[in-house]
Amino acid sequence: MKAIAVYPGQLNSVHLEEIPEPTLDQVPGGKGVLVRVLKVGVDATDREINDALYGNAPPGDKHLVLGHESFGVVEAVGPEVRRVKPGDYVTATVRRPGQSIYDQIGTCDMTSEETYYERGINLLHGFLTEKFVEDEEYIVRVPQGLKHLHVLMEPMSCAAKAVEQAFEVQRRMRVWSPRTAFVMGAGQIGLLATLILRLRGLDVYTFARGAAPNLKSDIVTGMEATYVSTSERSVEEVVKEVGKADLIVDATGSSHVAMGSMQYLGLNGVLVWTSITGGEHSTSLESDRINLEWVLGNKLLLGSVNANRGHFESGIRDLALGEVMYPGVLCRILTHPVDGLENFQQMMELLEDPSALKVYVNVSDE
Ligand code: BGC
Ligand code: ZN
């Protein structure tokens, strides 16, 4: 069967690869789930892998099948599978366990080993193909009523983890009722983080470059958050008006902005970084001032990567709630479909297009 693959480490090596069909008995203990792929989303991580900045092939293979944002339908299950049945819509988690204690308790997103295994990214093949087989442990059911949001499940899980981690670490405060959140960036993670924070009742300011109105500003205001175009109004001006933020989520893909966000965080606040920046940029900082403010203000900087099953499940619940609260808003994120695996070049080109909020491949019809 066909798959979209790259040769990691080789610039712009995206190509169509012929790979063997997977079989249920690849998974021991009768726990295999055979999924027919319907759609797969791609993001900046896929672009960085094709730019040879990131990612590795599985041991023994030259190629890496891309794709970590999966959406499909269950075609067959092994005799011991309980979580899903044929006909169910599903997505799959991305990371697979290594050996650490965190891997062993179902939280491989928090592995304490340097090596991590991620389907479509690092050391494991991804989902940009016709079918895949997985242990039911890594398969998450998608409600029928959310199938129109298909490839958003994985990005949503990452946004859910970022916000949940922030709330989790803020238990240090004994009482924490954040009021103001800043979200840096209105790409998929920024928009989904905006939703999650709105559902938790925060006043959310989402910052992006483009002048409003535009698609991103429409989506942000559609979720009753405030869109701020940084080409029209600086973050400093917003801080003057509403104060520093209790919580900041950076999802810009720019380490410069991620670092710079430190100055907008309020006392006892938490700043979460979510971007994967595979480049080699450097930036200079007013380090004395930041160090002083950070210490005097008990501020916290938190990195958040990937997501485990629990984050997929809570992310899916928030997507469902988001649909009820803000009907018709979320599907507007899904801007740029590509028809068929053979159009992999178009997929890569669209990833360079700043107007493409979400690029995804229609792999097969139902
Ligand atoms: C993926 C995550 C992954 C991260 C680092 C992101 O694009 O969505 O699942 O952990 O890249 O490889
Ligand atoms: Zn991703």
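Keep in mind it's a predicted model, so treat the numbers as computed, not measured.

**Student:** Kindly report on the overall build of the chain, identifying the contributing residues and their values.
**Tutor:** A count of helical and extended segments in the chain gives 10 helices and 19 strands. For the chain, the C-alpha radius of gyration of 20 Å lies close to 21 Å, the compact-globule estimate for 366 residues. Taken along the three principal axes of its C-alpha coordinates, the chain extends 60 × 40 × 40 Å. Within the chain, the proportion of its 366 residues that are buried is 54%. Contacts in the chain between residues far apart in sequence, at least 24 positions, make up 70% of those at least 6 positions apart. For the chain, the exposed area adds up to about 16,100 Å²; of that, 50% sits on carbon and sulfur atoms. Charge separation in the chain, taken as the distance between the mean sites of 33 positive and 49 negative side-chain charges, equals 6 Å.

**Student:** Outline the coordination of the zinc ion (ligand 2), listing residues and values.
**Tutor:** Protein coordination at the zinc ion (ligand 2) comes from Asp43 (OD) and His68 (NE2), with a distance range of 2.1 Å. For the zinc ion (ligand 2), the 4 donor atoms are set out with angles of 77 to 157° between them, so the coordination reads as irregular. One end of the pair, Asp43, is in the loop between β3 (32-42) and α1 (44-50); the other, His68, is in the loop between β4 (64-65) and β5 (69-77), and 25 residues separate them in sequence. One exposure class covers both Asp43 and His68, and it is buried.

**Student:** Give a detailed account of the site of ligand 1, specifying residues and quantitative values.
**Tutor:** As a matter of local geometry, ligand 1 sits amid Asp43, Thr45, Tyr54, His68, Val94, Glu118, Ile121, Glu154, Cys158, Ile276, Val305 and Asn306. Contact between ligand 1 and Asp43: an oxygen atom at 3.2 Å from a side-chain N or O atom of the residue. In this structure, an oxygen atom belonging to ligand 1 sits 3.2 Å away from a side-chain N or O atom of His68. The protein chains hide 95% of the 310 Å² of surface that ligand 1 would expose on its own.

**Student:** So what about the side chain of His336? Which residues, and what values?
**Tutor:** Of note, His336 is situated in strand β18 (residues 336-339). A polar contact is formed between the side chain of His336 and the side chain of Thr335, at a distance of 2.9 Å. Those residues within four positions of His336 in sequence are excluded, and the remaining contacts are Leu350, Asp353, Ser355, Ala356, Leu357, Lys358, Val359 and Tyr360.

Definitions and cut-offs
Residues numbered from 1 in each chain as written. Chains lettered and ligands numbered in written order. Predicted model: local features only at pLDDT ≥ 70, side-chain atom pairs only at ≥ 80, totals over all residues. Heavy atoms only, no water. Helix = DSSP H or I, 4+ residues; strand = E, 2+ residues; numbered from the N terminus. Rg over C-alpha atoms; globule rule 2.2 N^0.38 Å. Buried < 20%, exposed > 50% of the residue type's maximum accessible area, 1.4 Å probe, protein only. Contact = heavy atoms within 4.5 Å. Areas by Shrake-Rupley, 256 points an atom, 1.4 Å probe, with all protein chains shown as cover. Lys, Arg positive; Asp, Glu negative; His and termini not counted. Charge placed at Lys NZ, Arg CZ, Asp CG, Glu CD. Donors = N, O, S within 2.8 Å, 3.2 Å for Na, K, Ca; no water. Tetrahedral: all angles 85-135°; square planar, octahedral: opposite > 155°, others 65-115°. Near = heavy atom within 4 Å. Polar contact = N/O pair within 3.5 Å; in protein donor to acceptor, adjacent residues only side chain to side chain.

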